[in-house]
Amino acid sequence: MANWHDSFNPRLSRKKDYLPRARVGNGQWVNTGRDDWSLARAPIDSFETGYFGAGDSRKDDRTIETFAIDVSPDVVDDWKERFKNERRLPALPYGNHGISESLKKLLDENLAKFDWKQHQYFLNTFKQYRTEIEGLKMHYLRPALPPVDGKLVVPLVLLHGFPGNFWHFYKVIPFLSNPSRHGFDFGVRETIIFDVIVPSLPGFLWSEKPTRSGLWTAEAARILSKLLTRLEITSAFIHGGSILGTDVAAAMGALYPKQVRGLHLSNPILPPLCDLQTGLQSVLASFAWLRDEDREATGLLEQQNIAHLLQVKNADALGVALHNSPQGQLIYLMARWADYSRNGTKELNQMYTVDELLTESALYWLTDSLPHALRFLENSSSHPDRCQLALATVSRPTAICQTPDAPFRTSRALLGHKFHNITRYNTLPKGGLFHSLQDAHSLAADIFSFVEREYM
């Protein structure tokens, strides 16, 4: 096997001097500069701090510690033994619920030979750290930079989504942090090089799991805002990918705009039924008189049909089942990967290596991440303020990149309802929601092009 080394009632208003506004982290309102038929929305409840750690609330330990992954061989052996001894669900003649029986067999055969020690060694070649924020030890990567004399060093935060993790960026990080070595030459007066920070979202992998309920998108954005402050980064470009990743990145742009130099979002989506204006624009996206780049947009009815891909219900019930079944967890993750890499002519192992598929399963199982990730997703999709946050306007420069195999596509016209300063809109040549694994070169080039434009 080759290794990879709602409840919300808007009011329609028409006032000459009315400007849509977004609530920022310090509780103030900011104007976005648009004057048209607009929706007056209730403000998002925003608090300066929270606490999700064990025990009583206390002051965070601000120490930044170096971190290395160290999973006991006994834990890895237990994972493989559990997987081997589990009962298999009998195959049915029709329908494979996301992945075929032949792929299941291939994964079964290779999991027994999966060399975690080798993968752990590779992951530890990236410099990693942890620091406590709101009671949680937050894990992040920050690769070392080559010599930077005469170069423009730009902070860049890469946010993974669900079901993903920091490892999804392992192919793109070298292009961004050492571009000249890989043939990238972007910059106006100085060559751009990125100071890359890749956090693990709260509860994912080696970021600690919340011990209190309720953590959702807005609070994750606040925690990451505090991480930037801890790292003494006053302003950074933020890339968000996949479910949750784009949402948290957009939330940072809306709630903490002073810390966001620009947003780069892959396949963002807006909930169509949060307000009348967004719903009507979703309907219009289905008609051919829209601009060419919007003709492939997902219509309102289709968005409702794929709603199950964007949310989860009864997260704890599902989490308990998957927490005790490495086979169930593997099949669940692969089914999600198939949904998010929608390509009707290819199996998953034709889009990704078998080693990559098993690495995803290993990372989630060995860190007990999936139950907590499901809670995060359910909290974010059911929070009473989800519509206010989803529609909170963003005035920071924004780049949108779409991919052809994503399960949805939001029109530029509809995205303009939220993002008021879209400076780049592009469709990458291939990939779904996990295109950082499928076409890292194109993703890196798109990020470089966006940032270069902002420095012109």
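The name that an unreviewed UniProt entry assigns to the protein chain is Epoxide hydrolase N-terminal domain-containing protein, with the source organism given as Mesorhabditis spiculigera.

*Asks:* Where do I start with the sheet that holds strand E5 (residues 64–67) in this structure?
*Replies:* To summarise the sheet geometry, strands pair through backbone hydrogen bonds and adopt either a parallel or an antiparallel arrangement. Taken together, the nine strands give an open sheet; going across it, the order is E5-E6-E7-E9-E8-E10-E11-E12-E13, and neighbouring strands pair in mixed fashion. Only two strands of the sheet have a single neighbouring strand rather than two, namely E5 and strand E13 (422–427). The mean inter-strand angle of the sheet, taken between neighbouring strand axes irrespective of direction, is 25°. With four bridges joining them, strand E8 (residues 151–159) and strand E10 (residues 236–240) adopt parallel strand pairing. When the sheet's bridge partners are listed, Val157 is paired in E10 with Ile238. Docked against the sheet, helix H6 (residues 242–255) engages E8, E10 and strand E11 (260–266), running at close to 155° with respect to E11. Across the sheet, helix H17 (residues 440–454) lies against E8, strand E9 (191–199), E10, E11, strand E12 (398–402) and E13, angled at about 150° from E11, the strand it touches most.

*Asks:* Would you mind showing me how to read helix H2 (residues 101–111) here?
*Replies:* Helical periodicity: at 3.6 residues per turn, an α-helix aligns residues three or four positions apart in one direction. The complete set of buried residues in H2 reads Leu103, Leu107, Asn110 and Leu111. Looking straight down H2, one finds that the buried residues subtend no more than 100° of arc, so they occupy a single side. Seen from the open side of H2, the exposed residues pointing more than 90 degrees away from its buried face are Ser102 and Lys105.

*Asks:* Looking at this structure, I do not really get the nonpolar core. What am I missing?
*Replies:* Generally speaking, a soluble globular protein has its nonpolar side chains buried in company with each other. Ranked by size, the top nonpolar core spans 122 residues in total, and within it Trp116, Leu158, Phe162, Leu176, Phe194 and Ile238 carry the most contacts. Considering every element that reaches this core, the biggest residue donor is H6, with nine residues.

*Asks:* It is not clear to me how the pairing of strand E7 (residues 136–141) should be interpreted in this structure. Could you clarify?
*Replies:* Moving residue by residue along a regular strand, the side chains alternate between the two faces of the sheet. Of all six residues that make up E7, six are buried, and the element is covered over most of its length. The side-chain alternation of E7 yields two buried faces, one formed by Leu136, Met138 and Tyr140 and the other by Lys137, His139 and Leu141. The pairing of strand E6 (residues 128–133) with E7 spans six bridges and is antiparallel. Bridged to Tyr129 within E7 is Tyr140. Where E6 folds back on E7, the antiparallel hairpin that results is connected by two residues, among which Glu134 adopts a positive phi of roughly 55°.

*Asks:* Looking at this structure, I do not really get the pairing of E12. What am I missing?
*Replies:* In terms of burial, E12 is largely enclosed, as five of its five residues are buried. Burial of E12 is two-sided: the residues Thr398, Ile400 and Gln402 facing one way and the residues Ala399 and Cys401 facing the other way are all buried. Examined bridge by bridge, E11 and E12 share four bridges and lie parallel to one another. Residue pairing in the sheet places Ser266 in a bridge with Cys401 of E12. With five bridges joining them, E12 and E13 adopt parallel strand pairing. Looking at the pairing, Gln402 lines up with Thr427 of E13.

Each value, and the rule that gives it
- The numbering scheme is per chain: residues are counted from 1 as the chain's sequence reads.
- Local features in this predicted model are restricted to residues of pLDDT 70 or higher, and side-chain atom pairs are both shown and tallied only at a pLDDT of 80 or more, whereas totals for entire chains, interfaces and linings draw on every residue.
- Each side-chain value is worked out from all heavy atoms of the structure, with water and hydrogens disregarded.
- DSSP calls a pair of strands paired once it identifies at least 2 bridges connecting them.
- Going along the chain from the N terminus, every DSSP run of H or I of four or more residues is numbered as a helix, and every run of E of two or more is numbered as a strand.
- Simply put, an axis is a line fit to the C-alpha atoms, just over the touching stretch for a helix, and the angle between two N-to-C directions goes from 0 to 180 degrees.
- Contacts were defined at the residue level, with two residues in contact if any of their heavy atoms lie within 4.5 Å.
- The buried label goes to any residue with under 20% of its type's maximum accessible area, the exposed label to any with over 50%, and the partly exposed label to all in between, with areas taken from a 1.4 Å probe on protein chains only.
- It is the directions from the helix axis to the C-beta atoms whose arc is reported.
- We call a set of buried Ala, Val, Leu, Ile, Met, Phe, Trp, Tyr and Cys residues a nonpolar core when their side-chain atoms join them within 4.5 Å.

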